[in-house]
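Observations on the model geometry
What follows is each chain in one-letter form.
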Amino acid sequence: MLIAMIISAGLLLALAVMHALCAKIFNVYIVNGKRPVNREFQPRATVIMSIRGCDPSLENNLIKLLQQDYQNYDIVAVIDHQSDAAWSRVHHIQSEFDTRHQLKIIELRQPLDSCSLKCSALLQAFDQLDPQTEIMVLMDADVTPHEQWLIQAVSPLADPKVGVVTGNQWFEPKDDSVGSLLRSIWNAGALVPTAMLANPWAGTCAMRVNDVVRAGLPQIWRQSIVDDGPIRRAMQPLGLHVVFNPELIMVNREKCTQAYVHRYVARILTWSRFYEKTYVTTFIHMLLLVGSSLATMFLALWALVQMQWGIVLIAAAAFVINAVLNFAGYQMVRSSIARIERRREHVLEPLPSNRIWNLVLMIPYCQLCYGVWTVKSALTRRVNWRQITYEVKAHDQVRMIRYRPHRIDTEAATSNVSL
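Residues numbered from 1 in each chain as written. Predicted model: local features only at pLDDT ≥ 70, side-chain atom pairs only at ≥ 80, totals over all residues. Heavy atoms only, no water.

For A198, the position within the fold is in the loop between α6 (178-197) and β6 (204-208). Sequence separation between A198 and F244 is 46 residues, and the spatial gap between their C-alpha atoms is 5.0 Å. Ignoring sequence-local partners within four residues, the contact set of A198 consists of R232, V242 and F244. (Helix = DSSP H or I, 4+ residues; strand = E, 2+ residues; numbered from the N terminus. Contact = heavy atoms within 4.5 Å.)

Shown next as structure tokens:
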């Protein structure tokens, strides 16, 4: 039993050390690799947003978009239906803040049943782009941009070898609810490999219109459940790079319920299964992590029954060190985001002591949830997303079961979370 415990506890600790080291690489190399802003490179740009329902940050998102430090751009908001609550909200923002007439509002017409509503909205916006538009920038409604957001997204495209510029999201909830902290812990782990691999993220994703056409992305989006998943694969034959710009990591302060997180993360991992080659690595990592955790736990319980206190002590030490190392990784990633926020003249407040304890105690639970989420993502064939059910058999085999306009979601309203 002692040898089995040493193996399982050692594997658990090795994975924790690996996570902490990757977080350190993110902290030292990736975040410090900020890309300079090229103020002379400001081609005509269009920001495209697909809107279904009123995300909590929708109003602030649009107001900040209209205040970008960029000379020549417009915004196309494709709203799902005129009965959607977002329709009147966005029109109100347009009348109050769109002093330069940059915001164009269109209703989604005849959504395709072979892709998601989001892809249908993107295709409609793309078909109606101003002919002078050179750059298109995808943006999600739960992203609140800073003044330099657009120019930081566009500037790397001055290099002809760069085809895509992207960022990612950091969840910094205002409350200490289980759901909010659980998503923040998961995000801290997922953000590191996502940044290292420069996986496209639709929350901020800038591309040349000409490259989008050459890559055949509009045809691909017609059969896709997500807009960002197919981008890398489509751009590779053109010899274009995807660039991760740490300045485009956006802070999301929404709170959410635990039930929402279980659905949200499983859905994100499902998209990874269909569009990312690294999903197999994710699944293997999950098996090693959850397997070593459960093995250590069961061996400790058996040793407790047998009153083998030395083995129990090894297990307890392994779980404590695992939690501490993973929290250290969390804190390193968070300190990186705080550094980025300071460059924007924003502040990420130090963690209060009660939240630190809550995060440390929740790490083992998050690791077990990670196993459930990953297994669920591997088995998923139907996905409910913003109140619409899709059948997804492969990355290019999508069927919308039935369309209906958006209704007020009670859980989303009480959770103050994006749909």
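What follows is about the packing of aromatic side chains. The final tally for this structure, using the stated rule, is eight aromatic pairs. A centroid spacing of 5.5 Å and a plane angle of 50° characterise the contact between W170 and Y330, whose relative ring orientation is tilted. Of the two residues, W170 is situated in strand β5 (residues 162-171) and Y330 in helix α12 (residues 309-343); the sequence distance between them amounts to 160 residues. Across this residue pair, the class does not change: W170 and Y330 are buried. When the ring of F327 is compared with that of Y330, the centres are 6.1 Å apart and the planes differ by 15°; the resulting orientation is stacked. Pair noted here: F327 and Y330 are both in helix α12, with a separation of three residues, about one helical turn. For the pair formed by F327 and Y330, the shared burial category is buried. An aromatic cluster is built from F171, W186, Y260 and Y264, whose rings are joined through pairwise contacts. The lysine or arginine in question, R183, covers the ring of Y264, its NZ or CZ lying 5.5 Å from the ring centre. (Phe/Tyr/Trp six-rings, centres within 6.5 Å; stacked < 30°, edge-to-face > 60°. Buried < 20%, exposed > 50% of the residue type's maximum accessible area, 1.4 Å probe, protein only. Lys NZ or Arg CZ within 6 Å of the ring centre and 35° of its normal.)

Okay, the sheet that holds strand β8 (residues 382-385) next. Two pairing modes exist for strands in a sheet, parallel and antiparallel, and in both the strands are linked by backbone hydrogen bonds. Pairing within the open sheet is antiparallel, and its three strands lie in the order β8-β9-β10. Here the strands that pair on one side only, and so sit at the sheet edges, are β8 and β10 (397-400). Recorded for the sheet is a direction-independent mean angle of 25° between the axes of neighbouring strands. (Pairing = 2+ DSSP bridges. Axes fitted to C-alpha atoms, helices over the stretch in contact; angles between N-to-C directions.)

Under the definition given, this model contains 16 salt bridges. Between R39 and D69 there is a salt bridge, with the nearest N and O atoms lying 2.9 Å from each other. Of this pair, R39 sits in the loop between α1 (2-30) and β1 (45-51) while D69 is found in the loop between α2 (58-65) and β2 (73-79), placing the two residues 30 residues apart along the sequence. The partner of K118 in a salt bridge is D140, and the shortest N-O contact between them spans 2.8 Å. Of this pair, K118 sits in helix α4 (residues 117-127) while D140 sits in the loop between β4 (135-139) and α5 (149-154), and the two are 22 residues apart along the sequence. Side by side, K118 and D140 carry an identical accessibility label, which is buried. Among the charged side chains, a network of salt bridges with common partners joins R44, D74 and D130. (Salt bridge = Lys/Arg side-chain N within 4 Å of Asp/Glu carboxyl O.)

Turning our attention to a nonpolar patch on the surface. Nonpolar side chains collect at one region of the surface, where L294, M297, F298, L301, L304, M307, W309 and L368 lie side by side and expose about 780 Å² of accessible area between them. It is helix α11 (residues 279-305) that provides the largest number of residues to the nonpolar patch, a total of five residues. The topology assignment puts L301 in helix α11. For L301, a relative accessible area of 48% puts it in the partly exposed group. (Patch = residues over 30% accessible without salt bridge, like charges linked within 9 Å, V, L, I, M, F, W, Y side chains within 5 Å. Areas by Shrake-Rupley, 256 points an atom, 1.4 Å probe, with all protein chains shown as cover.)

Summarising the element assignment, D74 is placed in strand β2. Here T46 takes part through its side chain, which lies 2.6 Å from a polar atom of the side chain of D74. Discounting residues that sit within four places of it in the chain, D74 has contacts with R44, A45, T46, V47 and Q102. (Polar contact = N/O pair within 3.5 Å; in protein donor to acceptor, adjacent residues only side chain to side chain.)

Moving on: the pairing of strand β9 (residues 388-394). Of all seven residues making up β9, five are buried, and the element is well covered by its neighbours. From the end of β8 to the start of β9, which pair antiparallel, there are two residues, and R386 there has a positive phi angle of about 50°. Sheet analysis places β9 next to β10, joined by four bridges and oriented antiparallel. Bridging across to β10, E391 finds its partner in R399.

Residue position: D80 is located in the loop between β2 and α3 (85-97). A relative accessible area of 3% places D80 in the buried class. A polar contact is formed between the side chain of D80 and the side chain of Y403, at a distance of 2.9 Å. Sequence-distant contacts of D80, that is, excluding residues within four places in its chain, are made with I51, R52, E107, L108, L117, Y403, R404, P405 and H406.

So, about the sheet that holds strand β7 (residues 241-252). Judged by pairing direction, the sheet is mixed, and its seven strands sit side by side in the order β3-β2-β1-β4-β6-β5-β7 without closing on themselves. If you trace the sheet from one side to the other, it starts and ends with β3 (103-107) and β7, each paired once. The sheet shows a mean angle of 20° between the axes of neighbouring strands, direction not considered. As judged from the five bridges shared by β1 and β4, these two strands associate in the parallel manner. Bridge pairing in β4 places V47 opposite V137.

Think of two packed helices as two axes; the pair is described by the angle between the axes and how far apart they sit. Contact geometry for α2 and α3: axes closest at 10 Å, N-to-C directions at 35°. Every pair of crossing elements has a handedness; the one defined by α2 and α3 is right-handed. Residues L58, E59, L62 and I63 of α2 form the contact with α3, whose own contacting residues are A86, R89, V90, I93 and F97. Partitioning the contact of α2 with α3 into residue classes produces seven nonpolar, no polar and two charged. (Left-handed = near helix turned anticlockwise from the far one by under 90°. Nonpolar A, V, L, I, M, F, W, Y, C, P; charged D, E, K, R; others polar.)

Another point: the packing of α6 against helix α13 (residues 353-379). With their axes 8 Å apart at the nearest point, α6 and α13 run at an angle of 70° to one another. Relative to α13, α6 is oriented roughly perpendicular. Here α6 contributes V178, L181, L182, I185 and W186 to the contact with α13, which in turn contributes R355, N358, L359, M362, I363, Y365, C366, C369 and W373. (Parallel < 35°, antiparallel > 145°, perpendicular 65-115°, else oblique.)

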